[in-house]
Amino acid sequence: QVQLVESGGGLVQAGGSLRLSCAASGRSPYAMGWFRQAPGKEREFLVRINWSTGSILYADSVRGRFTCSRDNAKNTVFLQMNSLKPEDTAVYYCAAASNNRWDAWGQGTQVTVSS
């Protein structure tokens, strides 16, 4: 079974940056991605990366500010978050997919952006 371990969350002022990491065990996934969820809101898709092609799809809300990258040897995905805004405050989750299904999730890491 695929297991995901996240790290890198924390408190940052508006305009600052954070880098999240997510390490996956087991076989290479079909895709990995990032989601976030703020209190009282639905889970929001941020970005996904196709593992075989390397193609990346960003949500409009983060395109141009967030960058997704990977380390193939370690089955690890990163999320570099720049120009952070208070509305980016949420719990961030990484996920892994097989056959177009998100079937493994990280434990979540809190990102808090102060004004």
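Nothing here was measured: the structure is a model prediction, and the numbers come from that model.

### Considerations on the environment of Leu-79
Residue placement: Leu-79 occurs in strand β8 (residues 76-81). Put simply, Leu-79 and Cys-68 are 11 residues apart on the chain and 4.7 Å apart in space, counted from C-alpha to C-alpha.

### Brief notes about the pattern of salt bridges
Following the criterion strictly, the structure yields 4 salt bridges and no others. Glu-44 is the partner of Arg-36 in a salt bridge, and the nearest nitrogen-oxygen pair spans 2.8 Å. Among the salt bridges present, the one from Asp-60 reaches Arg-63, with a minimum N-O distance of 2.3 Å. We classify Asp-60 as exposed; its relative accessible area is 66%. For Arg-63, a relative accessible area of 45% puts it in the partly exposed group.

### What about unusual backbone geometry?
Phi is positive for Asn-75, close to 50 degrees, though the residue is something other than glycine. Relative to the helices and strands, Asn-75 resides in the loop between β7 (66-71) and β8. Asn-75 sits in the buried class, given a relative accessible area of 7%.

What counts and what doesn't
- Think of each chain on its own: its residues are numbered from 1, step by step along the sequence as written.
- Side-chain atom pairs in this predicted model are given and counted only at pLDDT of 80 or more, local residue features only at pLDDT of at least 70, and totals for whole chains, interfaces and linings cover all residues.
- Side-chain metrics rest on all non-hydrogen atoms present in the structure, leaving aside hydrogens and water.
- Numbered from the N terminus, helices here are DSSP runs of H or I no shorter than four residues, and strands are runs of E no shorter than two.
- Salt bridge, as used here, is a side-chain nitrogen of Lys or Arg placed within 4 Å of a carboxyl oxygen of Asp or Glu.
- Relative accessibility under 20% of the residue-type maximum defines a buried residue, over 50% an exposed one, and the middle range a partly exposed one, all with a 1.4 Å probe and only protein chains included.

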